[in-house]
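Next come the chains, spelled out residue by residue.
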Amino acid sequence: MKNQETNILAIIYMGGGSTWLEGTDETDTAIECAKMCKMDWKHLFKFKKKQRFAVNIFDISKLDTEGWYADAHGVWVSKTKEQIPHKKTIWVIV
């Protein structure tokens with residue numbers, strides 16, 4: 001889903017799922033996404049005290065209200081089914 005004030009999607013793929021967060025700043029959003037990932041998945045995985053996460057960044061600023069969805073092969077525009085290009089990966093330690 002798309003919030004009008006967001007322009008960045010941060011997503012961490014974990015096994016058969018993911019943790020994601022929308023935001024406006026790449027670094028802040030990546031750090032918060034990594035923190036959420038630890039909380040979301042601690043019941044299945046044992047994380048180190050300072051765990052390293054690969055946070056995938058996507059630009060969702062042009063989506064308007066169409067929204068997005070993700071699967072193991074990427075992130076897609078809900079309405080058109082077009083793939084959203086991967087912008088970069090930010091490595092975060094939390």
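In this report, the structure presented in the accompanying data block is examined. Note that this is a predicted model, so its numbers are computed, not measured.

## Digging into unusual backbone geometry
What is expected of a backbone is that most residues other than glycine have negative phi and most peptide bonds are trans. Backbone geometry at Lys81 places phi at a positive 65°, although glycine is not the residue there. Checked against the element boundaries, Lys81 lands in the loop between β5 (74-77) and β6 (83-84). On the basis of relative accessible area, Lys81 is assigned to the exposed category, the value being 51%.

## What to know about the packing of aromatic side chains
The tally for this structure, following the rule as stated, stands at 4 aromatic pairs. When the centroid spacing of 4.9 Å and the interplanar angle of 90° are considered together, the rings of Trp20 and Trp68 count as edge-to-face. Of this pair, Trp20 sits in strand β2 (residues 17-23) while Trp68 sits in strand β4 (residues 68-71), and the two are 48 residues apart along the sequence. Assessed through its relative accessible area of 39%, Trp20 is described here as partly exposed. Centre to centre, the rings of Trp41 and Phe45 are 5.9 Å apart; their planes meet at 55°, and the pair counts as tilted. A relative accessible area of 35% places Phe45 in the partly exposed class. Through a chain of ring-to-ring contacts, the aromatic side chains of Trp41, Phe45, Phe47 and Phe53 assemble into a single cluster. Here the guanidinium or amino end of Arg52 rests over the ring plane of Trp91, the centre of that ring lying 4.0 Å away.

Reading guide: rules and limits
Residues numbered from 1 in each chain as written. Predicted model: local features only at pLDDT ≥ 70, side-chain atom pairs only at ≥ 80, totals over all residues. Heavy atoms only, no water. Helix = DSSP H or I, 4+ residues; strand = E, 2+ residues; numbered from the N terminus. Buried < 20%, exposed > 50% of the residue type's maximum accessible area, 1.4 Å probe, protein only. Phe/Tyr/Trp six-rings, centres within 6.5 Å; stacked < 30°, edge-to-face > 60°. Lys NZ or Arg CZ within 6 Å of the ring centre and 35° of its normal.

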